[in-house]
Amino acid sequence: MGDCIFCKIVEGEIPSNKVYEDENILAFKDINPLTPIHILVIPKKHIKSINELKPDDEILIGKIFSTVKQIAKEQGISENGYRVVSNCGEDGGQEVKHLHFHILGGKKLGTKIV
Ligand code: AMP
Ligand code: ZN
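I will try to describe carefully the structure that is included in this document. (Residues numbered from 1 in each chain as written. Chains lettered and ligands numbered in written order. Predicted model: local features only at pLDDT ≥ 70, side-chain atom pairs only at ≥ 80, totals over all residues. Heavy atoms only, no water.)

1. Some thoughts on the site of ligand 1
Rule in force here: Throughout, the term near means that a residue has one or more heavy atoms lying within 4 Å of the molecule or strand in question. Each polar contact in these results corresponds to two N or O atoms within 3.5 Å; when the atoms are within protein, one needs to be able to donate a hydrogen and the other to accept it, and residues that are neighboring in sequence are counted only if both atoms are side-chain atoms. Areas reported as accessible are Shrake-Rupley estimates using a 1.4 Å probe. Residue values count occlusion only from the protein chains shown.
As a matter of local geometry, ligand 1 sits amid 16 residues, with Asp30, Asn87, Glu95, His100 and His102 nearest to it. A distance of 3.1 Å separates a nitrogen atom of ligand 1 from a polar atom in the backbone of Ile31. Between an oxygen atom of ligand 1 and a side-chain N or O atom of His100, the distance comes to 2.7 Å. About the coverage of ligand 1: the protein hides 86% of its 510 Å² of free accessible area.

2. So, the pattern of salt bridges
Put simply, the rule reads: Put simply, a salt bridge is a Lys or Arg side-chain nitrogen that is within 4 Å of an Asp or Glu carboxyl oxygen. Put simply, DSSP marks the helices as runs of H or I at least four residues long and the strands as runs of E at least two long, and each gets a number from the N terminus on. Only protein chains enter the accessibility calculation, which uses a 1.4 Å probe; a residue whose area is less than 20% of its type maximum is buried, one above 50% is exposed, and one in between is partly exposed.
Throughout the structure, instances matching the rule amount to three salt bridges. For Asp57, the salt bridge identified is with Lys45, shortest N-O distance 2.7 Å. Here Asp57 is found in the loop between β3 (37-43) and α2 (58-74), whereas its partner Lys45 is found in the loop between β3 and α2, with twelve residues between them in sequence. The class for Asp57 is buried, based on a relative accessible area of 4%. Where salt bridges share partners, they join Lys18, Glu21 and Lys44 into one cluster.

3. Comments concerning the coordination of the zinc ion (ligand 2)
Around a metal, the idealised angle for a tetrahedral arrangement of four donor atoms is 109.5 degrees; for an octahedral arrangement of six donor atoms it is 90 or 180 degrees. Quick note on the threshold: For Na, K and Ca the donor cutoff is 3.2 Å, while for all other metals N, O and S atoms count as donors only within 2.8 Å; water does not appear among the atoms, so some sites may look incomplete. Only four donors with every angle between 85 and 135 degrees are called tetrahedral; only four or six donors with opposite donors over 155 degrees apart and all others between 65 and 115 are called square planar or octahedral, in that order; all others are irregular.
Protein-derived coordination of the zinc ion (ligand 2) comes from Cys4 (SG), Cys7 (SG), His46 (ND1) and His98 (ND1), at a distance range of 2.0 to 2.3 Å. Taken together, the four donor atoms coordinating the zinc ion (ligand 2) span angles of 106 to 118° at the metal, a pattern that classifies the geometry as tetrahedral. Summarised as a motif, the one-chain spacing of the donors to the zinc ion (ligand 2) is C-x2-C-x38-H-x51-H. In this pair, Cys7 is assigned in helix α1 (residues 5-11) and His46 in the loop between β3 and α2, connecting sequence segments 39 residues apart. Of the residues examined, Cys7 reaches a relative accessible area of 10% and is grouped as buried. When its relative accessible area of 26% is taken as the criterion, His46 is described as partly exposed.

4. Observations regarding the packing of aromatic side chains
Our working rule: Between the rings of Phe, Tyr and Trp (Trp by its six-membered ring), a pair exists once the centres lie within 6.5 Å; its type follows the angle of the planes, with under 30 degrees stacked, over 60 edge-to-face, and the other angles tilted.
Tallied over the entire structure, the rule returns two aromatic pairs. Measuring from ring centre to ring centre gives 5.3 Å for Phe65 and Phe101, while their planes differ by 70°; the resulting arrangement is edge-to-face. Here Phe65, found in helix α2, pairs with Phe101, found in strand β5 (residues 101-105); they are 36 residues apart in sequence, far enough to count as distant. Relative accessible area serves as the criterion here: at 40%, Phe65 is assigned to the partly exposed category. Judged by relative accessible area, which is 5%, Phe101 ranks as buried.

5. Looking at the side chain of His98
Quick note on the threshold: Residues count as neighbours in contact if any of their non-hydrogen atoms are within 4.5 Å of one another.
Tracing the backbone through its elements, the reader meets His98 in the loop between α3 (89-92) and β5. Residue classification places His98 among the buried positions, given a relative accessible area of 0%. A polar atom in the side chain of His98 sits 2.8 Å from the backbone oxygen of Pro43. Of note is the side chain of His98, whose polar atom sits 3.3 Å from the side chain of His46. Here His98 is in contact with Cys4, Phe6, Cys7, Ile42, Pro43, Lys44, Lys45, His46, Ile47 and Lys48, once residues within four sequence places are set aside.

Right under this line is the structure:
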């Protein structure tokens, strides 16, 4: 949508390091990884944030979490554990206004989110 960077990644206009793709979902490596494993999982359709989710998106969000589970397994972090984060809006620190879920793992994370 417009100049959305993640829509451009979906369209292939901006390159990404893809780890998973299907009809509705794309996952790729974060360009600025905060942890040894840092992957972003996004819906291909432009949804701004959690705030813009509609009841019709419930199946999509369920599938995104099944995808998170699968990616964690493939990346070898399932057993040790990982964190899933979606920043929403200004106070949530959301920089890219296209819904995304961070998978963070590969090291022992701090026990506090903030
Ligand atoms: P957020 O603060 O939750 O909006 O996070 C946006 C994330 O997108 C950050 O972790 C960025 O490093 C990441 N990011 C921005 N541009 C790209 C890109 N072109 N490819 C991969 N990750 C990106
Ligand atoms: Zn977008």
